[in-house]
Amino acid sequence: MNRRRFIRVAGAGTLAGAGAVGLTAAGCGRVRKLLQIDNAPSARVAARGATTKVFSICDNCVNKCGIIAHVARGRIVKLEPNPAFPKSRGMLCAKGNAGVKTLYDPDRLKHPLIRTGERGSGAWRKATWKEALDFTAERLLAIRERYGPQGVLFSSCESFQERFFRSLAQAWGSPNLVRHPSVCLSSSNLAWFITYGTVPEFDLAHADYVIASGANRFESFITPDSVDLSDGLRQRKAKLVYLDPRFTVTASKADEWLPIRPGTDLAFYLALIHVLIEEQLYDRAFVEAYTHGFEELAAHVTRFSPEWAAAETEIPADRIRAIAREFAARAPKAVIYRGRRTSWYQNDTEMRQAMAIANVLVGNWDTPGGVVPNEKLDLGAPEPPEYPWPDAERVDAIAERHPLASAEDGAYIELRDAVLADRPYPVRGWMMFKHNPMHTLPDRRLTEQMFRKMEFVAVIDIQPTDSGWLADVILPESTYLERTDPIEEFSVPYAFAALRQQVVKPQFSTRPCLDIMKGLAARTGLGRYFDFDIDQYIAAQLAPHGIDRSAFEATGVWSNRTARQYGVTRNPEFRFRTPSGKIELANERLRRNGYPPLPEYAPPAQPPGGQFRLLPGKQALFTHAANQNNEWLHELCAENRLWINRAVAESKGIADGDQVRVRSRIGEVKVRAFVTGRIRPDCVHLPHGFGHTTSALRRAFGRGASDQDLIEPRWDRISGNAALHETFVTVERV
Ligand code: SF4
């Protein structure tokens with residue numbers, strides 16, 4: 001399929017409900033609009049003769065949109081959106097459409113590999129599954145013998161089968177589990193959780209007024225949320241206020257773009273709260289009935305006037321006042337949207353806490369167009385035998401260093417430091433599932449040192465990665481189109497369940513994660529934790545509802561409701577899962593753990609003369625470093641470029657497309673420049689996920705540069721989440 005054809009097809013899903021959305025291949029420096037066509041199977045598909053349709057679920061990012069796969073003669077000929085899927089409806093983004101090219105990528109992993117040369121040398125031998133599983137189990141048992149169960153680290157990223165990987169980790173008895181959210185959104189999760197006692201959703205489908213900080217929905221992450229937001233802007237004349245140091249595609253669709261000084265978003269939100277209280281714009285009845293700590297909050301924010309914030313943020317005081325008034329006037333159908341990745345600054349939890357507090361004040365909780373609680377269906381699961389309590393403490397010591405951080409997610413950067421220092425004990429084995437820390441952890445040199453310190457590393461993935469190339473054994477997982485996963489439940493727009501079912505048989509010698517875990521568990525004396533297969537697991541999930549898989553035959557989804565029930569928790573007797581039982585404005589969990597109960601503000605460090613703040617970010621074509629080798633996506637964008645302000649570039653003699661050297665305190669990269677007026681002069685932007693060093697990914701290899709060669713390892717004080725926007729760089733023409 002040529003690029004023009006693919007752009008048309010990709011547009012089919014993406015824009016079915018979102019004609020206003022444009023996609024910028026940001027790092028490529030050119031705008032390519034996706035065109036809108038209908039979702040009917042194409043003439044080309046029809047020409048292939050009879051196809052069967054299989055309902056399944058996309059796995060190219062965390063959103064998990066519903067798909068219908070068309071299969072002809074055992075091959076998938078088209079993926080299209082499943083209109084009956086309540087969350088994504090008629091949407092399938094470019095990545096979702098291109099998923100078929102991941103399935104048929106000639107560079108993907110085809111069989112287990114055992115390393116034969118130096119670590120990272122790329123010398124492997126093909127192995128049978130028996131050999132690879134025997135080898136992995138023997139090495140893990142040897143490490144347990146020498147260092148104890150805590151000597152093995154288990155790291156993973158989200159997947160419908162991640163539960164099986166984590167089950168093996170818990171059965172193994174290691175306390176050292178770490179997940180991708182601790183370099184992504186754990187600060188946001190924490191802030192919303194400690195405020196509401198739950199991590200809520202946003203009813204963008206009905207919101208009339210949206211404030212978003214750097215949540216670049218129309219360019220970096222085109223998802224069902226993006227479509228709901230776009231529909232609101234076009235159909236209901238909803239208003240979008242967007243804060244970002246860059247004029248992104250989202251900025252171009254906003255009613256108001258505020259090029260905020262990087263690192264000062266907290267000042268903006270504190271001033272917004274100040275106005276809401278000073279001018280008595282808040283929802284007094286809601287605050288009295290449902291919240292805790294209002295008087296303390298009111299006293300706290302008296303000093304954070306719009307005039308004070310204007311000096312910090314470079315947003316005029318009268319604009320801050322006007323936005324606060326509009327926000328209150330449009331409430332409760334008004335939200336400050338949380339976005340996704342929140343690993344920005346060392347005050348990230350406090351910033352997200354301030355966003356949550358401002359939402360609470362206007363009473364938008366559990367109402368149409370507001371901040372809404374998660375709805376649950378309460379699926380069942382097989383009951384596992386009791387897991388052992390780990391004998392050792394976690395090496396990242398989050399219980400002491402970040403007592404409110406999620407023990408499920410850990411603190412990845414600090415964990416790496418501890419492993420490198422053997423503190424408080426050696427960790428020498430590493431089991432890794434579906435993630436690529438060489439691309440997602442700041443400072444690749446340190447991550448590579450961590451690999452080299454290990455006596456054994458096993459990687460489970462679908463394609464060769466820079467992390468996999470540093471392993472001892474690679475256990476290839478079947479792609480999402482080749483396996484059946486557990487039922488997953490969704491909370492937006494209302495609680496429903498969906499089934500990812502196998503579309504085609506595994507094309508090569510790959511296995512689902514569950515089968516890999518069963519193989520390892522059987523060899524390490526832990527088989528009792530996996531005494532089920534996927535069909536039995538699904539049956540146990542559905543048992544509480546008295547249904548079976550046939551309930552998913554007609555549309556691929558099932559629910560016992562058809563719409564969200566708003567207002568269930570708007571009952572003064574309802575107890576929120578917080579220490580006070582109320583939504584907490586002054587936060588008791590923070591106070592009890594030695595933190596200020598309300599967000600404090602400290603001005604961010606500024607780049608020294610001649611330096612720039614590095615802002616990493618995503619492009620909607622790619623999920624981290626996972627899709628750059630996809631043929632269609634690569635055709636749209638082959639490499640990233642460094643965004644640099646036009647006036648700054650001219651002063652440095654840098655022209656668009658010039659090769660530049662970017663240096664930080666920890667490293668340097670060479671990359672081509674994208675000279676633009678769409679970024680503030682005090683920062684530069686490098687899209688994330690490029691700079692692959694593994695030649696096995698033949699398209700992605702050596703294209704662009706990795707932000708993780710530049711970003712200094714820092715973290716948010718409260719959550720331990722990475723702080724990826726705290727690095728200053730120099731830029732010069734090569
Ligand atoms: S947003 Fe795109 S990549 Fe993510 S699940 Fe949906 S279709 Fe797939």
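An account of the accompanying structure is given in this report. Predicted model only: the values in this text are computed from it and were never measured.

Calculation notes
Residues numbered from 1 in each chain as written. Predicted model: local features only at pLDDT ≥ 70, side-chain atom pairs only at ≥ 80, totals over all residues. Heavy atoms only, no water. Helix = DSSP H or I, 4+ residues; strand = E, 2+ residues; numbered from the N terminus. Contact = heavy atoms within 4.5 Å. Phe/Tyr/Trp six-rings, centres within 6.5 Å; stacked < 30°, edge-to-face > 60°. Buried < 20%, exposed > 50% of the residue type's maximum accessible area, 1.4 Å probe, protein only. Axes fitted to C-alpha atoms, helices over the stretch in contact; angles between N-to-C directions. Parallel < 35°, antiparallel > 145°, perpendicular 65-115°, else oblique. Left-handed = near helix turned anticlockwise from the far one by under 90°. 1 Å grid on protein atoms, 1.4 Å probe; cavity = no way out; pocket = protein on both sides within 12 Å on 5 of 7 lines; lining within 4 Å. Points joined across faces, edges and corners; volume = space filled by probe spheres on them. Nonpolar A, V, L, I, M, F, W, Y, C, P; charged D, E, K, R; others polar. Near = heavy atom within 4 Å. Sits in = over half its atoms within 2 Å of the grid points. Pairing = 2+ DSSP bridges. Core = buried A, V, L, I, M, F, W, Y, C linked by side-chain atoms within 4.5 Å. Salt bridge = Lys/Arg side-chain N within 4 Å of Asp/Glu carboxyl O. Expected span 1.5 Å × (residues − 1). Arc of directions from axis to C-beta.

Re the environment of Phe 496
At step 1: Structurally, Phe 496 can be placed in strand 21 (residues 496-498).
At step 2: Phe 496 sits 358 residues away from Glu 138 along the chain, and the two C-alpha atoms are 42 Å apart.
At step 3: When residues no more than four places from it in sequence are discounted, the contact partners of Phe 496 are Phe 85, Pro 86, Lys 87, Leu 377, Glu 488, Glu 489, Phe 490, Val 557, Trp 558 and Ser 559.

Considering the packing of aromatic side chains
At step 1: This model, assessed by the stated rule, comprises 30 aromatic pairs.
At step 2: Seen from their ring centres, Phe 164 and Tyr 537 are 5.1 Å apart, and the 85° between their planes marks the pair as edge-to-face. In this pair, Phe 164 is assigned in helix 5 (residues 162-172) and Tyr 537 in helix 20 (residues 534-542), connecting sequence segments 373 residues apart.
At step 3: The class of Phe 164 is buried, set by a relative accessible area of 2%.
At step 4: Classification of Tyr 537 by relative accessible area gives buried; the value is 8%.
At step 5: When the ring of Trp 192 is compared with that of Tyr 196, the centres are 5.8 Å apart and the planes differ by 10°; the resulting orientation is stacked. Of this pair, Trp 192 and Tyr 196 both sit in helix 6 (residues 186-196), separated by four residues, roughly a single helical turn. As far as burial versus exposure is concerned, Trp 192 and Tyr 196 are alike and both buried.
At step 6: Three or more aromatic residues joined by ring pairs make a cluster, and in this case those are Trp 192, Tyr 196, Phe 202, Tyr 337, Trp 365, Phe 574 and Phe 576.

Things to note about the packing of helix 9 (residues 265-278) against helix 13 (residues 317-330)
At step 1: Two elements in contact, helix 9 and helix 13, have axes separated by 9 Å at closest approach and are oriented at 60°. In terms of their interaxial angle, helix 9 and helix 13 are classed as oblique. Both helix 9 and helix 13 take part in a crossing whose hand is right-handed. Of helix 13, the residues touching helix 9 (which contributes Phe 268, Ala 271, Leu 272, Val 275, Leu 276 and Glu 278) are Ile 320, Arg 321, Ile 323, Ala 324, Phe 327 and Ala 328.

Brief notes about empty space enclosed by the protein
At step 1: Tallying each qualifying case throughout the model produces five cavities of 30 Å³ or more.
At step 2: Here the largest cavity defines a volume of roughly 100 Å³.
At step 3: For the largest cavity, the lining is made up of 13 residues, of which Val 183, Arg 341, His 624, His 688 and Leu 724 are closest to its centre.
At step 4: Residues that form the lining of the largest cavity fall into these classes: four nonpolar, six polar and three charged.
At step 5: Space inside the second largest cavity adds up to approximately 80 Å³.
At step 6: Forming the boundary of the second largest cavity are Cys 58, Asn 60, Cys 61, Asn 63, Lys 64, Cys 65, Met 91, Leu 92, Cys 93, Lys 95, Gly 96 and Ile 222.

A look at the site of the ligand
At step 1: Every residue near the ligand is listed here: Cys 58, Asn 60, Cys 61, Lys 64, Cys 65, Met 91, Leu 92, Cys 93, Lys 95, Gly 96 and Ile 222.
At step 2: The cavity that encloses the ligand is the second largest cavity.
At step 3: Grouping the amino acids of the shell around the ligand by side-chain chemistry returns seven nonpolar, two polar and two charged.

Some words on the sheet that holds strand 5 (residues 75-81)
At step 1: Spatially, 3-4-5 is the arrangement adopted by the three strands of the open sheet, whose pairing is antiparallel. Across the chains shown, the open sheet's two edge strands, defined by having one partner strand only, are strand 3 (52-57) and strand 5. With strand direction ignored, the average angle separating the axes of adjacent strands in the sheet is 30°.
At step 2: As judged from the six bridges shared by strand 3 and strand 4 (residues 66-72), these two strands associate in the antiparallel manner. For Ser 56, the partnering residue across the bridge sits in strand 4 and is Ile 67.

Describing the nonpolar core
At step 1: Among the nonpolar cores identified, the biggest contains 78 residues, and Ile 211, Phe 268, Tyr 269, Leu 272 and Leu 361 are the most heavily contacted of them.
At step 2: The element best represented in this core is helix 9, accounting for 11 residues.
At step 3: Leave out the neighbours within four places in its chain, and Tyr 269 touches Ile 211, Ala 212, Ser 213, Leu 243, Ile 336, Met 351, Ala 354 and Met 355.
At step 4: Counting 50 residues, the second-largest nonpolar core is a separate cluster that includes Leu 415, Phe 612, Leu 686 and Ala 705.

Some details on helix 5
At step 1: In terms of burial, helix 5 is largely enclosed, as nine of its 11 residues are buried.
At step 2: Listed as buried for helix 5 are Glu 162, Phe 164, Phe 165, Arg 166, Ser 167, Leu 168, Ala 169, Ala 171 and Trp 172.
At step 3: Trailing helix 5 by a residue or two, Gly 173 shows a phi angle of about 95°, which is positive.

Details of the side chain of Thr 510
At step 1: Relative to the assigned elements, Thr 510 resides in the loop between strand 21 and helix 19 (513-523).
At step 2: Setting aside chain neighbours within four positions, we find Thr 510 in contact with Arg 108, Leu 109, Lys 110, Trp 129, Pro 476, Glu 477, Ser 478 and Glu 482.

Focus: the pattern of salt bridges
At step 1: In this structure the tally under the stated criterion is 62 salt bridges.
At step 2: The closest approach of N and O atoms between Glu 639 and Arg 672, which form a salt bridge, is 2.7 Å. Separated by 33 residues along the polypeptide, Glu 639 in the loop between helix 22 (631-636) and strand 25 (641-645) and Arg 672 in strand 27 (residues 668-676) bring together distant segments of the chain.
At step 3: Looking at Glu 639, the relative accessible area reads 16%, which means it is buried.
At step 4: Between Arg 641 and Asp 656 there is a salt bridge; the shortest N-O distance is 3.4 Å. Residue Arg 641 is located in strand 25, and its partner Asp 656 is located in the loop between helix 23 (646-651) and strand 26 (659-663); the two are separated by 15 residues in the primary sequence.
At step 5: Because the salt bridges share partners, they merge into one network encompassing Asp 59, Lys 64, Glu 158, Lys 434, Glu 477, Arg 483, Asp 485 and Arg 500.

Regarding helix 4 (residues 129-147)
At step 1: Under the 1.5 Å per step criterion, the end-to-end length of helix 4 is 27 Å for 19 residues, consistent within 8% with the ideal 27 Å.
At step 2: If you check which residues of helix 4 are buried, you get Trp 129, Ala 132, Leu 133, Thr 136, Ala 137, Leu 140, Ile 143 and Tyr 147. Axial view of helix 4: buried residues confined to an arc of 125°, hence all on one face. With respect to the buried face of helix 4, the exposed residues turned more than 90 degrees away are Lys 130, Glu 138, Glu 145 and Arg 146.
At step 3: Count one or two residues on from helix 4 and you reach Gly 148, which has phi positive near 85°.

As for the packing of helix 9 against helix 14 (residues 348-361)
At step 1: Packing of helix 9 against helix 14 leaves a shortest axis separation of 9 Å and a crossing angle of 25°. As judged from the angle between their axes, helix 9 and helix 14 are roughly parallel. In this structure, helix 9 meets helix 14 at a crossing whose hand is left-handed. Here helix 9 contributes Asp 265, Leu 266, Tyr 269, Leu 272, Ile 273, Leu 276 and Ile 277 to the contact with helix 14, which in turn contributes Glu 350, Met 351, Ala 354, Met 355, Ile 357, Ala 358 and Leu 361.
At step 2: Taken together, the residues of the contact of helix 9 with helix 14 sort by class into 12 nonpolar, no polar and two charged.

Here we look at the environment of Phe 135
At step 1: Considering the arrangement of structural elements, one finds Phe 135 in helix 4.
At step 2: Placed 584 residues apart in sequence, Phe 135 and Ser 719 show a C-alpha to C-alpha distance of 37 Å.

Regarding the sheet that holds strand 8 (residues 152-156)
Each strand in a sheet pairs with another by means of backbone hydrogen bonds, the pair being arranged parallel or else antiparallel.
At step 1: Across the sheet, seven strands lie side by side as 7-6-19-18-17-8-9; this open sheet has mixed pairing. Edge strands, defined here as strands with exactly one partner in the open sheet, are strand 7 (124-126) and strand 9 (177-179). Here the average twist between neighbouring strands, direction ignored, is 15°.
At step 2: As paired strands, strand 18 (residues 456-461) and strand 19 (residues 473-476) are joined by four bridges and run parallel to one another. Paired with Val 459 across the bridge in strand 19 is Ile 474.
At step 3: This element, helix 4, spans strand 6 (113-115), strand 7, strand 8, strand 17 (429-433), strand 18 and strand 19 of the sheet and lies at about 130° to strand 19.

Read these as layout, nothing more, since geometry by itself doesn't imply function.
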